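Remarks on the overall topology
Residue strings, one per chain:
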Amino acid sequence: MMTGRLNLAFGPPLAIFWLGLVVATFFDVSIPSFVWWSAAAYTLAGAFWHTIRYGMLAYVGKRLVESLITVAVIASATFLLLRVLPGGPFDSEKALPPEIKAAIEKKYQLDQPLLVQYGNFMVGLVQGDLGESYKYLGRNISEILAESLPASVQLGVYALLLAYLIGIPFGVLAARYHNRWPDHLLMALAISGVSVPSFLVAPILILIFCFGLGWFEPALWDGPAYYILPTWVLGTRAAAVIARLVRASVLEVIKADYIRTGRAKGLSESTLLFKHVLRNSLIPVLTFSGPLIAGIITGSFVVEQIFAIPGIGKHMVLSVSNRDYPLILGTTLVFSVILVVCNLLVDLLYAYVDPRIKLNV
Amino acid sequence: MSNIRILVFALLTTFLSTGCTKKEGKADYGLPLSETLRINILQEPPSLDWSKSVDTTSSLIENNIMEGLVEYDLNDPELSLVPALATAWKPNSTASIWNITLRKGVKWTDGVDFTAQHVIDGWERLLNPATASQYAYFLFGVKNAQKYNEGKITDFSQVGIRADADGNLVVELEKPKGYFPYLLAHHATFPIRKDVVEKHKDRWTDPENIVTLGAYRLKIWDHDKAIVLERNEGYYGEKAKTKYVLAYMINEMSTAINLFDSGKLDFQSSLPSRELRQLRSRKEYREAGTLGIYYYGFNTRTPPFNDVRVRRAFAHAIDRKQITDMLAGGQIPLSGWVPVGMFGYEADRGLKFDPELANKLLEEAGFKDRSKFPKIKLGFNTNEDHQRVAENVQAQIRKNLGLDIELANEEWKVYLASLKSNPPSIYRLGWLADYPDPDNFMNLMSSASENNHTGWSSKTYDSYVDKAVSMTNKEERRKTYSEAQKFLTEMEVPAVPIYSMVSQILVSPRVEGLKENPLTRYIFKGVSLK
Amino acid sequence: MSSRALKGHSLWYGGWLRLKRNKVAVFSGIYICILCLIALFAYQISPYAFDEQYMDRILESPNLVHWLGTDSLGRDMLSRLIHGARMSMAVGIITAIISLIVGASYGAVAGWIGGRVDAIMMRFVDLLYSVPTLVLLILVKVVFDSMPLFTNPELKALTGMLLALSVVGWVTLARMVRGQVLQVKQLTYVESARALGASGGRIVLRHIFPNILGPIIVVLTFQIPSNILYESFLSFLGLGLQPPFSSWGVLANEGWRSLRSYPHLIISPGLALFTAMLAFNLLGDGLRDAFDPQSR
């Protein structure tokens, strides 16, 4: 119980604050960077305090080290896989005279033995230097990523929020009216939601809302009228998954003994639902957030492409077709880090929320 | 709790009111709509460093912020050259030494006077091995240029370019080249400000550093989103009519067309081929023949295409008209090697569709029994249009020759790699002219060409090409190219041309003066908006 | 032993009864069977050859000759849709089977041996979870497409796709099977069989596998539609099947860009894709309700 009280003092206000920030970005309100920094600092400080308070420092430390190793392994594996890919970065329709090609390869140290290249890459990585793009001359990989990441993160966060916002209430509602028409209707919607590829939904929505009703813009990324459709396309798929998950989990919790006791004691159905059932049945949702974020990252490419959003998804695909090795490595690393961090966060939150979890230290 | 609710509600209403105010009469970046030409350049320009960039997106921007010594007259179907930074260019009697008179009084955007040294600096940079420019070979015709690029000489003064006492240029070529002036219109040979490049290094093309002298200057470069060009008020010639050019980078064509249709784009330079049937009927649609060819090459190293009769049989068995009808983008069937609209084009050149003759040739080659024909592959890079053409050719060969060929598509870079190491029996490629001279295309099949993947080479053909390059007599030159094409496309047939390329564009009715042209060289200074 | 057999029997029988009562699931099952038949006999039932081009009938809207119209090469859309079923189902099912074999054996070995081996094997699985799927899919697809592994044209067109999707797909199954094996391992009859000296492989195959078959079938039913979806996703990236073969994903991807100009190009493959995915998901739900003991 003590855990619960402490979390209430720290967690919810912080969550609301972050939510406010996200909503503000949605409406194109410019937020001074010190707000972002202080929010981040406060969150980190709070997390750190909790970590110490519950004696989880060792666990968190261990997980952090593991995450670093994971990222390093992924970086090495990708580096090797790239060299198996047929075709080089400087093959082009108009083939270059061999002397010129040799000069270019020398410039990018592609004439060095593989092991030396790998060594250089890893050393650079440790120093935080991802190198220079082969395709976009003179631009640093970190610079390219920093410029394209914000739009992607924005889209991803909106989609994730929308997914929770729709998914959780719908799931609860379906469970509340188990086997009655709202349940069937919502679940039919949810199944349909996961059954349509987003590149089919997006053009239809554009046709209706941009050319039919004229409410939103068909592409680009410059304000609420631009944000809504992409968020909708990317978010509803995830929402459908969450709704199904929540429904199943609520149904399971309802069957649990303490709920039956509560019901026998005469607690009202909604008190039961919101106070006891929901709290417990949201844990699977939390656990699922890792794969959910992974799914949103994968799906974001399609949405970014169709809506011409200047995000990082494009680089992920184009860099491979350009054989822009440093950029492929850079995007892969960024996404792995996001995934690793999200998984770590989910695990930690899980541990905070549910003190029953045994931590394998 | 209720306090929080009120707070949230208040916040929401403010956001809604600020967020939903529409920006009337404004394009993005706060530009006035009536003075902004909005175009789509499809992708982020890989570089605006004109000595290094190699792609069409970059050159589109470069050609508008910079200028070469000469410029094309885009209104002239023959694409004659008109003065730009140079006012005159004259060869000596053998066309091996060129005297280039420079325009006086031209200023860079930072106020510095343009001089001959800037041109020399540009060429030095292009050829310097440290620059590792992919277009360095462009100037290999200049005396000692190749040696300098390969590091065999390190003294640039030995390279055949120098300024004379009047501040004009003298260029000495290795051997005479009639098309040399065309090279001067290409961005690779543009002058450059060495001091700016050295000062800012890799950052010199950033808007705050770059120094140019074209009709526009680079105002904003918002990477992966858009580029904004602004009229250069100090331009030496007639000033640009439209103040701003806003160039988006949208590579999904259907998305770009959506934006065009909702009035957010004025110009789209690349259209989805499948939609052409419909788009062609629109009043915004325009098309123009492009100096480019689409062809299939044979791997002549191995059977069956080591036999010229089989190659000719295939050339006779493809009905090019059917392919261009299917593509429906105005492409013109091509059987000779020089594209429509270029000096040296001949409509009657090459082997025409003749299935009977094709079968006869195939039987002469010993394939009366079709089952004896080796298994062959037709390779192309993964792309919807190439696939449509390949599938059509596959069906035509089946119908006209009774042979089954296998299609093999590969991802672009994989395809390029296998063209070098192990080309398929038939391969697809295209070629776009860098400058409007047939040597561009004829040289493609010479023995020395890096782009000839057929394995076929011929001394006879090489001598035609070599001879024609330095000819100054136009008619004689035309005759030589005619003979070379006859040899290539009728006798030896290492490759089959399919069609002459076309570019399709959409231009909004509010745009005036945007000229479609065979080089797809879009210059915006003469564009005005209604 | 006999009690186990009885338990197994009642489990399957009870499950079957529950499934039969679920009309939606039964209907979905029938629909999927029909799709499978269409896929198997695609060459026999399609009205035209799928790659025959009718140059004078390019991009026709649905009519009496071509019921679903023709595409940009004048090919009959209905025939292409029928052959698309063949390719899509092949991608969905074969990939699921490959993932099952690889994933189940991996998970079973890890779960059965346990200890350090299990820890290392699962660390590898965790690692794969942190690799961005998209990059992995693209790289593997490009690498394997360039390797000539089969001569049969249909199989050749499929290879890269199957392998790429399997590389991504087996991980889920490995995790699930390991979890199940860990659970079942502690059950009394398995422990007694172990005590009686039965070999590890024998116990896993004879005792554990039948017990976890239910959950596996359920996961497989969900894997198939997700494979089909991923396939369409790769088609979107321009990394679809090798032409002239086309799946629903390839067709849908060719079609969505033409929604405003030639809607018939997207409507039929879109609907086919949607209904098949729906059927698999609904059947999966039904199977889970019926056979997965945990959700009962």
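Scroll up to find the structure this text is about.
Source: prediction; values computed, not measured.

Examining the pattern of salt bridges
In the structure shown here, the tally under the stated rule is 56 salt bridges over all chains. Between A:Arg244 and C:Asp285 there is a salt bridge, and its shortest N-O distance comes to 2.9 Å. With A:Arg244 in helix α9 (residues 224–255) and C:Asp285 in helix α11 (residues 264–291), the pair connects residues from two separate chains. We classify C:Asp285 as buried; its relative accessible area is 16%. Ionic pairing is found between B:Lys225 and B:Asp222, a salt bridge with its closest N-O pair at 3.6 Å. Residue B:Asp222 is classed as partly exposed on the basis of its relative accessible area of 23%. Salt bridges sharing partners connect three or more residues here, namely A:Arg139, A:Glu143, A:Glu147, B:Glu44, B:Arg203 and B:Asp206.

Focus: the interface of chain B and chain A
Contacts between chain B and chain A engage 56 residues on the former and 53 residues on the latter. At the boundary of chain B with chain A, total buried surface from both sides reaches about 4600 Å², with 57% on carbon and sulfur atoms. Across the contact surface, chain B and chain A share five salt bridges. Our count for the chain B to chain A interface comes out at 13 residue pairs in polar contact (both at pLDDT 80 or more). Top contributing element to the side of chain B that touches chain A by residue count: helix α13 (residues 412–421) of chain B, with six residues.

Re the nonpolar core
Ranked by internal contacts, the top residues of the largest apolar core, which has 307 residues, are B:Leu69, B:Trp123, B:Phe180, B:Trp337, B:Phe524 and C:Leu237. The leading source of residues in this core is helix α7 (residues 153–185) of chain C, at 15 residues. No fewer than three residues from each of domain 1 (1–53) and domain 2 (141–353) of chain A sit in this core. Not counting residues within four places of it along the chain, the set of residues in contact with B:Trp337 comprises B:Ile293, B:Tyr295, B:Phe441, B:Met442, B:Leu444, B:Met445, B:Gln485, B:Leu488, B:Thr489, B:Ala495 and B:Pro497.

Some remarks on the packing of aromatic side chains
If you walk through the whole model with that rule in mind, you get 48 aromatic pairs over all chains. By the ring-pair criterion, three or more aromatic residues cluster together here, those being A:Phe26, A:Phe27, A:Tyr158, A:Trp221 and A:Tyr227. Lying across the ring of A:Tyr136, A:Arg139 places its NZ or CZ 5.9 Å from the centre. The ring of C:Phe236 has C:Arg257 lying over it, and the distance from NZ or CZ to the ring centre is 6.0 Å.

A few points about the packing of helix α5 (residues 115–130) of chain C against α7(C)
Residues and elements named next belong to chain C. Contact geometry of α5 with α7 gives a least axis separation of 10 Å together with a crossing angle of 145°. Two packed elements cross with a definite hand, and for α5 against α7 that hand is left-handed. Across the interface between the two elements, Asp118, Met122, Phe124, Val125, Asp126, Leu128 and Tyr129 of α5 pack against Trp170, Val171, Thr172, Arg175 and Arg178 of α7. Class assignment for the residues of the contact of α5 with α7 results in seven nonpolar, one polar and four charged.

Quick notes on the packing of helix α7 (residues 181–195) of chain A against α9(A)
Residues and elements named next belong to chain A. Contact geometry of α7 with α9 gives a least axis separation of 8 Å together with a crossing angle of 135°. Classified by the angle their axes make, α7 and α9 are oblique. Viewed along their axes, α7 and α9 form a crossing whose handedness is left-handed. Residue-level inspection shows Asp183, Met187, Ala190, Ile191, Gly193 and Val194 of α7 in contact with α9, the latter providing Arg237, Ala240, Val241, Ala243, Arg244 and Arg247. The residue makeup of the contact of α7 with α9, split by class, is seven nonpolar, one polar and four charged.

A look at the side chain of B:Arg38
All names here are of chain B. Tracing the chain through its elements places Arg38 in strand β1 (residues 36–40). Of the residues examined, Arg38 reaches a relative accessible area of 7% and is grouped as buried. Among residues more than four places away in sequence, those in contact with Arg38 are Ala27, Leu33, Leu246, Tyr248, Gly263, Lys264, Leu265, Asp266, Phe267 and Arg510.

Some remarks on α11(C)
Taking 1.5 Å per residue as the helical rise, α11(C) with its 28 residues ought to reach 40 Å, and the 40 Å between its terminal C-alpha atoms agrees with that figure. Where burial is concerned, most of α11(C) is hidden: 20 out of the 28 residues are buried.

Calculation criteria
- Residues numbered from 1 in each chain as written.
- Chains lettered and ligands numbered in written order.
- Predicted model: local features only at pLDDT ≥ 70, side-chain atom pairs only at ≥ 80, totals over all residues.
- Heavy atoms only, no water.
- Salt bridge = Lys/Arg side-chain N within 4 Å of Asp/Glu carboxyl O.
- Helix = DSSP H or I, 4+ residues; strand = E, 2+ residues; numbered from the N terminus.
- Buried < 20%, exposed > 50% of the residue type's maximum accessible area, 1.4 Å probe, protein only.
- Contact = heavy atoms within 4.5 Å.
- Buried area = accessible area lost by both parts, 1.4 Å probe.
- Polar contact = N/O pair within 3.5 Å; in protein donor to acceptor, adjacent residues only side chain to side chain.
- Core = buried A, V, L, I, M, F, W, Y, C linked by side-chain atoms within 4.5 Å.
- Domains from an automatic or database assignment.
- Phe/Tyr/Trp six-rings, centres within 6.5 Å; stacked < 30°, edge-to-face > 60°.
- Lys NZ or Arg CZ within 6 Å of the ring centre and 35° of its normal.
- Axes fitted to C-alpha atoms, helices over the stretch in contact; angles between N-to-C directions.
- Left-handed = near helix turned anticlockwise from the far one by under 90°.
- Nonpolar A, V, L, I, M, F, W, Y, C, P; charged D, E, K, R; others polar.
- Parallel < 35°, antiparallel > 145°, perpendicular 65-115°, else oblique.
- Expected span 1.5 Å × (residues − 1).

Just geometry here; none of it tells us what the structure is for.
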